[in-house]
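Chain residues, written in single-letter form:
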Amino acid sequence: MNEIIKSIRVTIVLWVLVAVIYPLGMLAIAQLPFLSYQANGSLIRNAQEQVIGSSLIGQPFTSDRYFHSRPSTTNYSTADPKADTANILKTGVSGASNLAPSNPDLLKRIKTDISKLQQSGISPTADLVYTSGSSLDPHITPESAKAQITRIAQVRKLEPSQLEQLIDQNSDRRFLGIFGEDGVNVLKLNLALDSL
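All of these numbers come straight from a predicted model, not from anything done at the bench.

**Q** How would you sum up the overall build of the protein chain? Please name residues and give values.
**A** Within the protein chain, the regular secondary structure consists of 8 helices and 5 strands. Traced from its N-terminal end to its C-terminal end, the protein chain shows the element sequence α-α-β-β-α-α-β-α-α-α-β-β-α. Taking all 196 residues of the protein chain together, 27% fall into the buried category. In the protein chain, the proportion of contacts linking residues at least 24 apart, taken out of those at least 6 apart, comes to 52%. For the protein chain, the exposed area adds up to about 13,100 Å²; of that, 59% sits on carbon and sulfur atoms.

Written out as structure tokens, the structure reads:
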């Protein structure tokens, strides 16, 4: 009986430590001023302090006035899941389409996207044609952003050199110069574009 009481005590103490104290401690540390932005979802706010997106999740842009992001197999929306009469929320999870490279549906989508890009005067790049593995990637390569300069410069009546400079200013470089690839966060780039 003594051993059973000891084991129950140890179980309760461990449960309090790992299920209560540790998570609350991590939550408190995450809310420190230099960590809270990342811990709370890297939310981006407009001038009115309204949340307009996250720097971690890609968003679709369809207007010719903006840089377009990668295509996605996931639909993003803030629609109410309980009252989604327009079927805006078709998926709620990240992930690729899992279509094989030889799948006719995938080939049809890619050909359609390439055709649309060419009609807009954009040279198709991999980032503008293929989805990412998570389908939530917020970045495109600087080359993919630069491929869209002509279209945006014509619509916004801007000099292409202004847009090229804007892309360079908003590009994230490789970590330590060797890890990862250069990228441009499309939401941040479009916000910078609106501020010109």
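Don't stop here, the text continues.
**Q** Just give me the short version of the packing of helix α6 (residues 149-156) against helix α7 (residues 160-169), but keep the residues and values in it.
**A** Where α6 contacts α7, the two axes come as close as 9 Å, and the packing angle between them is 125°. Taken together, the axes of α6 and α7 lie oblique to each other. For the pair α6 and α7, the crossing hand works out as right-handed. Across the interface between the two elements, I149, I152 and A153 of α6 pack against P160, L163, E164 and I167 of α7. Residues that form the contact of α6 with α7 fall into these classes: 6 nonpolar, no polar and 1 charged.

**Q** Lay out the nonpolar core with the relevant residues and their values.
**A** Counting residues in hydrophobic clusters, the biggest one holds 18 residues, and the most contacted among them are F67, A145, L163, I167, L189 and L193. Among the elements of the structure, α6, α7 and α8 (186-194) are those that each provide at least two residues to this core. Among residues more than four places away in sequence, those in contact with F67 are F61, A145, Q148, R151, I152, I167, V186, L189, N190 and L193. Of all hydrophobic cores here, the second largest spans 7 residues; its members include L106, I122, V129 and A147.

**Q** Talk me through the sheet that holds strand β3 (residues 139-140); I want residue IDs and the actual numbers.
**A** Ordered by their spatial adjacency, 3 strands build an open sheet running β3-β5-β4, and the pairing between neighbours is antiparallel. With one partner strand each, in any of the chains shown, β3 and β4 (171-172) form the two edges of the open sheet. With 2 bridges joining them, β4 and strand β5 (residues 183-185) adopt antiparallel strand pairing. Paired with D172 across the strands is G183, a residue of β5. Packed onto the sheet, α8 meets β3 and β5 and runs at close to 65° relative to β5.

**Q** Which residues make up the UniProt feature "transmembrane region" (unreviewed entry) in the protein chain, and what values do they have?
**A** Look at the UniProt record and you will see "transmembrane region" (unreviewed entry) annotated at residues 12-35. In residues 12-35, helix accounts for 79% and strand for 0%; the two terminal C-alpha atoms are 31 Å from one another.

**Q** Residues and numbers for helix α1 (residues 2-30), please.
**A** Helix length check: α1, at 29 residues, gives a terminal C-alpha distance of 41 Å against a target of 42 Å (1.5 Å per residue), a fit within 8%. By the largest-angle criterion, I21 marks the main kink of α1, which is about 30°, and a proline, P23, follows within four residues.

**Q** For empty space enclosed by the protein, give the residues involved together with the corresponding values.
**A** Considering all chains together, one arrives at 1 cavity of 30 Å³ or more under this definition. Computed from the structure, the largest cavity encloses a volume of approximately 30 Å³.

**Q** Go over the pairing of strand β2 (residues 51-54), please, and point to the residues and values.
**A** Here 3 bridges tie strand β1 (residues 43-45) to β2, and the two strands are oriented antiparallel to one another. Following the sheet pairing, L43 is matched in β2 by S54. Between the end of β1 and the start of β2, which pair antiparallel, lie 5 residues, with E49 showing a positive phi angle near 65°.

**Q** Give me the lowdown on the pattern of salt bridges, citing residues and values where you can.
**A** For the structure on display, the rule yields 8 salt bridges. Among the salt bridges present, the one from D64 reaches R151, with a minimum N-O distance of 4.0 Å. Of this pair, D64 sits in the loop between β2 and α3 (104-119) while R151 sits in helix α6, and the two are 87 residues apart along the sequence. By relative accessible area, which is 5% here, R151 ends up buried. R173 is paired through a salt bridge with D182; the nearest N and O atoms lie 3.7 Å apart. Note on R173: relative accessible area 49%, which makes it partly exposed. Taken together, the salt bridges that share partners define one network made up of R70, D127 and D137.

Rules of the game
Residues numbered from 1 in each chain as written. Predicted model: local features only at pLDDT ≥ 70, side-chain atom pairs only at ≥ 80, totals over all residues. Heavy atoms only, no water. Helix = DSSP H or I, 4+ residues; strand = E, 2+ residues; numbered from the N terminus. Buried < 20%, exposed > 50% of the residue type's maximum accessible area, 1.4 Å probe, protein only. Contact = heavy atoms within 4.5 Å. Areas by Shrake-Rupley, 256 points an atom, 1.4 Å probe, with all protein chains shown as cover. Axes fitted to C-alpha atoms, helices over the stretch in contact; angles between N-to-C directions. Parallel < 35°, antiparallel > 145°, perpendicular 65-115°, else oblique. Left-handed = near helix turned anticlockwise from the far one by under 90°. Nonpolar A, V, L, I, M, F, W, Y, C, P; charged D, E, K, R; others polar. Core = buried A, V, L, I, M, F, W, Y, C linked by side-chain atoms within 4.5 Å. Pairing = 2+ DSSP bridges. UniProt positions renumbered as here; feature names shortened; annotations may be inferred. Expected span 1.5 Å × (residues − 1). Bend = angle between axes of the 7 residues up to and from the residue. 1 Å grid on protein atoms, 1.4 Å probe; cavity = no way out; pocket = protein on both sides within 12 Å on 5 of 7 lines; lining within 4 Å. Points joined across faces, edges and corners; volume = space filled by probe spheres on them. Salt bridge = Lys/Arg side-chain N within 4 Å of Asp/Glu carboxyl O.

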